[in-house]
Structures are given as structure tokens and as C-alpha cells.
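# Descriptive analysis of the structure
Residue-level listing of the chains:
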Amino acid sequence: MSNQEEKSILQKEVSRRDVLKFAGIGGAGVILGASGLTGALTAFGANPFIDDDQTAVNKVKFYGKHQSGILTKNPEHVYFVALNCIAKSKKELKELFQLWTNYSAQLMNGQLVEPYTANKLLPTADTGEAEGLDASHLTLTFGVGPSLFEKKELGLQHMKPKELADLPHFPKDQLDPNYVGGDICIQACADDPQVAFHAVRNLVRAARGKVTMSWSQTGFNSYEVKNKKKLTPRNLFAFKDGTGNPNVDNEKEMNEVVWVQPGESKSWLTGGTYLVARRIQMHLETWDRTALSAQEATFGRHRDTGAPLGKKGEFDDVGLDRKENDQPVIPVNSHLHLARQVKDRILRRSFSYSDGINPTTGAFDAGLLFISFQKHPKQFINIQNSFGRVDKLNEYITHRGSALFACFPGVKKGSYLGAELFG
Ligand SMILES: C=CC1=C(C)c2cc3[nH]c(cc4nc(cc5[nH]c(cc1n2)c(C)c5CCC(=O)O)C(CCC(=O)O)=C4C)c(C)c3C=C
Ligand SMILES: [Fe+2]
């Protein structure tokens, strides 16, 4: 088989439903098995361009000005992973992101990362557990942490934006080192948890020898549907979470809050954003012993409707300075008041998690994988500092994990993830 023929077979899209098992590329398979890192795509010495398949079922576009999974609405499941980079050079890392670009395009089309071969003596190129499932609105978001730029062998020190630094210690932090930092992150969101996991598993598998896994966290959101529209999801304290978010359909607002604009940071980050991840344990047992009125005073909103205290509708104007009997209607130590008293805004895209029982306390290890996107980390830092020791919510939560990542801009067709940084 000629190189051209081999390439054309690889470019054919192979749906998970109708898996094409073709013979005759045993040679490439041997290379795959031997190298671990590179699949047939790179074994053929090329990264063939894989386009968005607009006909794929439940598909989110991979290519565009910005990465997916940031403004994409209503995420149901997340598999978030932080990785350590053990690549020895910038070239190696660049090749990894080129491979991840092709794999991501394939995965978001609902395809195998690579077609199977007929050779049963080798492990299959794709691990296979998403076979028969559609794209499930899979989104993949990649970011790099401050520690990546400290690795001298990568020669990226001069590319580090000054604001890309570990988040400061906040008064109520009780961080577990097992959930802190990371050189690279991948956020995989999908309607199906197995599709999200399959994506991360195959991306990490393809990166053997270049990355190791540091920490991961799964999460979920459930939506009440009214008139075919998904409503704001409730967190594990049963409050609607996300009401006060900026409008993702408003481009001007997103440029102000989320997307790094030209000249605002290092040029490779233009069109990108900062991702803050916090693993926040929520003390459900304490919360469940708290009167409803005290719960509502904690957030400054009604539990049933999500409306600001004293109002009827979820999206009614908050009216922070309203008073009744000379007392503020929204308590000054409420989460809502403290979040609103700073001018900074962020886009929150959080998930609930439930990870069994804490063996020491016998309590649920459950809470929020808080994820926010902002064009500068100070937006998150200023809001978190406003909560400080004052937030009434502090009595019910403990911050256990923390990480900051700079997320690349979107990928242009024919280019690759992080091209502006590694190119
Ligand atoms: C520093 C940023 C924030 C952290 C950390 C955080 C943790 C956290 N929040 C909730 C639940 C709710 N938060 C709500 C509003 C809200 N929270 C933040 C920021 C952080 N929250 C902001 C900026 C806002 C918006 C305020 C506004 O302008 O209206 C709400 C109310 C509904 C909503 O707007 O989403 C809830 C409920 C939990 C449980 C939590 C940690 C576990
Ligand atoms: Fe909040």
C-alpha cells in the first residue's frame, strides 16, 4: 500500500456505530504498539487535517475563534484532569498538542481517535468504550499552568504571562496537595460521562512518556426542563447556581469578562482565557441541619425560585441596597452581597461532585468543582478576597483543591492547539 493510500484510509471517518476494520496497515500498528505515544496518524509522518463533521449527531464544533467548553451551554458531565509534563523539549510538547488536536477533532465528531486494524495481536488504537455512542456534545478545553513555564528544558520561560502565577492563599483554604496545580489541564464535558472519560483516557494514553496524571475530578449537573429549555441547575445545597452569570450570547460582554483581548497579555493568549478550578467540599450534614431561612440568608436568594430575597423571579434585579425596617434585605455577609460588592465579574461553569465518604469523619465527600473563566486571574482573586472570612457560606464549605490554567485561543482549521505558544 502506498503512503497516499494509507493516508486516505486514515482520513476516512469511521463512526463508532459502523466501525470499519481494515487490514493491511500492520506495519503502522507495530509502530503504534511499540511507541505508545504516537498513533498511526504520526506513524505515517503526518497529521492529516480532520475537519468538523457537521452531520455528526449531538456535535459541538471543534474549530473556531475560541476553544469549546467555555461558553458552551448546559454541560451535564465533566471529567477534569490536571497533568504533569515530562516532555523533554518544546518540539516534543508541540507534537503532542498536534496529535491531541487531531484526536480532539475526531472525538468531538463522535469518532474513534483512530481506526481499528484487523491485527488482534495488538491493542486497539482506540480503547473502544464509547463505541455506539454519539458525540454527546463532547467539548474539550486545554490549558497550561504556571509550572509548565518553569521547566527549563521546554524553553518557554519568556512566554509566561506575568499574571499566570499560583493563586494566593485565601483565609479559609485547607488545600489538599493531591488536588493542587498542574502543568496542563484537560476539561472534557459531555452529556454522557462515559464519552467524557473515554476522551480523557485516550488523550492521556496517546501522551504516554510526555505527561503523567496529577489529579482529576468528575462532576455533574442536572437540569429541570421547561418549554424545552434547560433551567439553571441546582447545586447540592439545592440552590440554583449560575443565575448571576454574564450572558454568554453577548459578544461584547464576553470580550469584557472572558476573552483576552489583543495587548492585554502575551500575544499567544489573545482569544484565550484563564480557567480557575477549585475543589470545594460542601458540608451537607451541617447544611441539612440549617433552617431554610438561614440557608436563604446565606446566599441572599430564595431557594425555590432563585429570586433575590424579597423578590419573585430568578432574574429580578437584585437591588443590593434595599432595606426593610432599616435592615438590608440582602444580608451584608451573604454570598450574593459579597460577590456583588466588587466590580469584577467571572463566568462560572461549575459541577457538583460526590466522591464517597471521608474515612476520617464519616461524612460525605461531596461538593462543587468550581470552575470559572475570566480574562485575568485577578477577577477571581478579588471576588474570593471579598468573601474572605466574612462570607456566611464559609461555615458550610472548605476549599480543598486549587489550580489556575491559561487556556489557548481556539484552533483555526489546519492549525493546532497552542500553535501561538509552541509555533
Ligand atoms: C470566587 C468565586 C466564587 C466561589 C469560589 C464561589 C463558591 C460557591 N458558590 C456557591 C453557590 C452560589 N454562588 C452564587 C453566586 C455567585 N457566586 C460567585 C462567585 C463564587 N462562588 C459569584 C460571582 C456569584 C454571582 C453573584 C451575582 O452577581 O449575582 C449563587 C447565587 C446564584 C447565582 O448567581 O449563581 C449560589 C447559589 C457555592 C455552593 C460555592 C462553593 C461551594
Ligand atoms: Fe458562588
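Residues numbered from 1 in each chain as written. Chains lettered and ligands numbered in written order. Predicted model: local features only at pLDDT ≥ 70, side-chain atom pairs only at ≥ 80, totals over all residues.

### Some remarks on the overall build of the chain
The following threshold applies: Counting from the N terminus, the helices are DSSP H or I runs at least four residues long and the strands are E runs at least two residues long. To sort residues by burial, count the other C-beta atoms lying within 10 Å of each one's C-beta; a count of 20 or more means buried, 12 or fewer means exposed, and anything in between means partly exposed. C-beta atoms are built from the backbone. By the convention adopted here, residues are in contact when the distance between their C-beta atoms, placed from the backbone, does not exceed 7 Å.
Scanning the chain from terminus to terminus reveals 11 helices and 13 strands. A burial count over the chain gives 43% of its 423 residues as buried. Sequence separation of 24 or more characterises 77% of the internal contacts of the chain that already satisfy a separation of 6 or more.

### Quick word on the site of ligand 1
Note the threshold: Proximity of a residue to a molecule or strand is defined by its backbone-placed C-beta atom lying within 6 Å of that partner. Gly counts as polar in this scheme, as do all residues outside two lists: the nonpolar Ala, Val, Leu, Ile, Met, Phe, Trp, Tyr, Cys and Pro, and the charged Asp, Glu, Lys and Arg.
By nearness alone, 25 residues border ligand 1, and Phe239, Thr243, Gly244, Ala339 and Leu368 come closest of all. Secondary-structure elements contributing two or more residues to the shell around ligand 1 are strand 7 (273-282), helix 9 (335-340), strand 12 (364-374) and helix 10 (377-387). The element contributing the most residues to the shell around ligand 1 is helix 9, with four residues. Of the residues contributing to the shell around ligand 1, the split by class is 13 nonpolar, seven polar and five charged.

### Brief notes about unusual backbone geometry
Excluding glycine, residues mostly carry a negative phi; peptide bonds, for their part, are mostly trans. In this model, serine 136 sits at a positive phi of 50 degrees, which is unusual for a non-glycine residue. The backbone of lysine 228 sits at a positive phi, close to 65 degrees, despite the residue not being glycine. With respect to the secondary-structure elements, lysine 228 resides in the loop between strand 5 (225-226) and strand 6 (229-230).

### Focus on the confidence of the model for the chain
Worth spelling out the cut-off: pLDDT is a per-residue confidence score from the predictor, ranging from 0 to 100.
Averaged over every residue, the pLDDT of the chain is 91; residues scoring 70 or more account for 89%. Scored below 50 in pLDDT, residues 1-45 shows 80 contacts in the model against residues more than four places distant or in partner chains. Across the whole predicted complex the pTM is 0.91, and at the interface the ipTM reaches 0.99.

### Quick look at the nonpolar core
Here is a general trend for soluble globular proteins: nonpolar side chains tend to be buried in one another's company. Going by this rule: Take the buried Ala, Val, Leu, Ile, Met, Phe, Trp, Tyr and Cys residues, join any whose C-beta atoms are within 7 Å, and the set you get is a nonpolar core.
Counting 97 residues, the largest nonpolar core has Leu138, Ala188 and Ala196 as the members making the most contacts within it. Of the residues forming this core, the biggest block, nine residues, is contributed by helix 4 (residues 90-108). Apart from residues no more than four positions distant in its own chain, leucine 138 is found in contact with Val60, Leu107, Met108, Ala188, Ala190, Val195, Ala196 and Ala199.

### Focus: the environment of phenylalanine 80
Following the sequence through the fold, phenylalanine 80 ends up in strand 1 (residues 77-85). A residue is classified by how many C-beta atoms lie within 10 Å of it, and phenylalanine 80, with 26 of them, is buried. It is 9.5 Å that separates the C-alpha atoms of phenylalanine 80 and threonine 141, two residues lying 61 residues apart in sequence. Those residues within four positions of phenylalanine 80 in sequence are excluded, and the remaining contacts are Cys185, Gln187, Ser216, Gln217, Ala277 and Leu369.

### Notes on the UniProt feature "domain: Dyp-type peroxidase C-terminal" (unreviewed entry) in the chain
Where we set the bar: UniProt positions are given in the numbering used here, feature names are shortened, and annotations may be inferred rather than shown by experiment.
Summarizing the sequence annotation, UniProt attributes the feature "domain: Dyp-type peroxidase C-terminal" (unreviewed entry) to residues 232-411 in the numbering used throughout. Across residues 232-411, the secondary structure splits into 21% helix and 25% strand, with the terminal C-alpha atoms separated by 30 Å.

### A few points about helix 10
Heads up, the rule is: To be clear, the arc concerns the directions from the helix axis to the C-beta atoms.
Looking at helix 10, one finds that the buried residues are Pro377, Gln379, Phe380, Ile383, Gln384 and Phe387. Mapping the buried residues of helix 10 onto a view down its axis gives an arc of 160 degrees, with all of them on the same face. Among the residues trailing helix 10, glycine 388 stands out with phi positive, at a value near 40 degrees.

### Side note on the environment of glycine 128
Among the secondary structure elements, glycine 128 is positioned in the loop between helix 4 and strand 2 (139-144). Accessibility expressed as a C-beta count within 10 Å gives 15 for glycine 128, which makes it partly exposed. Counting along the chain gives 12 residues from glycine 128 to tyrosine 116, while the straight-line C-alpha distance between them is 9.4 Å.

### Description of the packing of helix 4 against helix 5 (residues 193-206)
Note the following rule: Orientation is described by lines fitted to C-alpha atoms, with helices fitted over the stretch in contact, and by angles between N-to-C directions that extend from 0 to 180 degrees. Angle categories are assigned with fixed cut-offs, so that under 35 degrees is roughly parallel, over 145 is roughly antiparallel, 65 to 115 is roughly perpendicular, and the rest are oblique. In this scheme the crossing of two helices becomes right-handed for a clockwise turn of the near helix relative to the far one and left-handed for an anticlockwise turn of less than a right angle.
The N-to-C vectors of helix 4 and helix 5 enclose an angle of 155 degrees; their axes lie 10 Å apart at closest approach. In terms of orientation, helix 4 and helix 5 fall into the roughly antiparallel class. Helix 4 and helix 5 meet at a crossing whose hand is right-handed. The residues of helix 5 that touch helix 4, namely those facing Leu99, Trp100, Tyr103 and Leu107, are Ala199, Asn202, Leu203 and Ala206. Here the contact of helix 4 with helix 5 is composed, by residue class, of seven nonpolar, one polar and no charged.

### So, the pairing of strand 13 (residues 397-407)
Residues in a regular strand project their side chains so that they alternate between the two faces of the sheet. Put simply, the rule is: Note: two strands are recorded as paired if DSSP finds a minimum of 2 bridges between them.
The buried count for strand 13 comes to nine of 11 residues, which makes it a mostly enclosed element. Here strand 7 pairs with strand 13 via 10 bridges, running antiparallel. Bridge pairing in strand 13 places threonine 273 opposite cysteine 407.

### Re the environment of phenylalanine 142
Along the chain, phenylalanine 142 turns up in strand 2. Remark: the alpha-carbon pair of phenylalanine 142 and glycine 418, spanning 276 residues in sequence, is separated by 8.8 Å. Dropping the residues within four chain positions of it, phenylalanine 142 is found in contact with Gln67, Ile186, Cys407, Phe408 and Leu417.

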